[in-house]
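Listed here are the chains, written in short residue letters.
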Amino acid sequence: MSTLDETTLAQQSRRLAGLARDAQARRREVAEEAEAQGLPLADATRPYGVLVIEATRLMEEVQYTSDTLRTWVEA
């Protein structure tokens with residue numbers, strides 16, 4: 001995100017959207033594997049639960065930024 005440039009923002013926003021989708025898929029895989037292994041995701045004091053919680057929070061931020069940029073480019 002530090003290399004965003006208004007002159008190429010359309011291409012960059014499309015790339016960011018793709019990267020956000022890929023990262024979201026990886027986050028989903030981590031959460032699904034944790035559930036399959038029976039790891040305590042609801043326990044914020046356990047390391048794996050914290051990892052999944054933080055990954056989810058970060059993905060929400062990235063997705064919001066990606067959506068905002070796309071909306072701005074399309075306006």
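No experiment lies behind these values; they were computed from the predicted model shown. Along every chain, residues carry numbers that run from 1 in the direction the sequence is written. A pLDDT threshold of at least 70 governs which residues receive local features in this predicted model, and a stricter bar of 80 or more applies before side-chain atom pairs are shown or counted, although totals over entire chains, interfaces and linings include all residues. The basis for the side-chain values is all heavy atoms of the structure; hydrogens and waters are excluded.

Student: Please explain the overall build of the protein chain as it appears in this structure.
Tutor: Per the convention used, a helix needs a DSSP run of H or I reaching at least four residues, while a strand needs a run of E reaching at least two, with both numbered from the N terminus. Counting its regular elements, the protein chain contains two helices and zero strands. Radius of gyration here is computed from C-alpha atoms only, and the compact-globule reference equals 2.2 Å multiplied by the residue count raised to the power 0.38. Rg of the C-alpha trace for the protein chain: 15 Å, well past the compact-globule value of 11 Å for 75 residues, more than 25% over. Structurally, the protein chain occupies a C-alpha span of about 45 × 20 × 20 Å along its principal axes. The buried label goes to any residue with under 20% of its type's maximum accessible area, the exposed label to any with over 50%, and the partly exposed label to all in between, with areas taken from a 1.4 Å probe on protein chains only. For the protein chain, buried positions account for 23% of its 75 residues. All accessibility values rest on the Shrake-Rupley procedure with a 1.4 Å probe; residue burial counts only the protein chains present in the view. With an accessible surface of roughly 5500 Å², the protein chain has 55% of that area assigned to carbon and sulfur atoms. Taking the average place of the 9 positive charges on the side chains of the protein chain and the average place of its 13 negative ones, the gap between the two points comes to 3 Å. Under the convention used here, Asp and Glu are negative, Lys and Arg are positive, and both His and the chain ends fall outside the count. Where a charge sits is defined by one atom per residue type, namely NZ (Lys), CZ (Arg), CG (Asp) or CD (Glu).

Student: Hey, could you run me through the pattern of salt bridges in this one?
Tutor: Pairs can form between side chains of opposite charge whenever their charged atoms are close. A pairing counts as a salt bridge when a side-chain nitrogen of Lys or Arg comes within 4 Å of a carboxyl oxygen of Asp or Glu. According to the stated counting rule, one finds four salt bridges in the structure shown. Between Arg57 and Glu54 there is a salt bridge; the shortest N-O distance is 2.8 Å. Of this pair, Arg57 and Glu54 both sit in helix H2 (residues 47-74), three residues apart, roughly one helical turn. Of the residues examined, Glu54 reaches a relative accessible area of 34% and is grouped as partly exposed. Arg70 is the partner of Asp67 in a salt bridge, and the nearest nitrogen-oxygen pair spans 3.3 Å. With Asp67 and Arg70 both in helix H2 and three residues apart, the pair spans about one turn of that helix. By relative accessible area, Asp67 is classed as partly exposed at 28%.

Student: Looking at this structure, I do not really get helix H1 (residues 9-36). What am I missing?
Tutor: For H1, which comprises 28 residues, the first-to-last C-alpha distance of 40 Å matches the rise-based estimate of 40 Å (1.5 Å per residue) to within 8%. Along H1, the residues classified as buried are Leu9, Gln12, Ser13, Leu16, Ala17, Gly18, Ala20, Gln24, Ala25, Ala31 and Ala34. If you follow the buried residues of H1, they end up packed against H2. Of the residues trailing H1, Gly38 is marked for its positive phi of about 75 degrees. One less than the number of residues in a helix, times 1.5 Å, gives the span that helix is expected to have. The contact definition used throughout considers only heavy atoms, calling two residues in contact when any of these lie within 4.5 Å.

Student: Sorry if this is basic, but what is going on with the side chain of Ser13 here?
Tutor: Relative to the helices and strands, Ser13 is located in helix H1. Take Ser13: its relative accessible area is 4%, and that puts it in the buried class.

Student: Can you help me understand the environment of Glu74 in this one?
Tutor: Tracing the chain through its elements places Glu74 in helix H2. In this structure the C-alpha to C-alpha distance between Glu74 and Ala10, which are 64 residues apart in sequence, comes to 8.3 Å.

Student: Mind showing me how you'd approach H2 here?
Tutor: Every α-helix carries 3.6 residues per turn, so stepping three or four residues along brings you back to the same face. Over its 28 residues, H2 extends 40 Å from the first C-alpha to the last, a length consistent with the 40 Å expected when each residue adds 1.5 Å. Among the residues of H2, those classed as buried are Gly49, Val52, Met59, Ser66 and Leu69. At its buried positions, H2 is contacted by H1.

In short, shape yes, function no, at least from these values alone.
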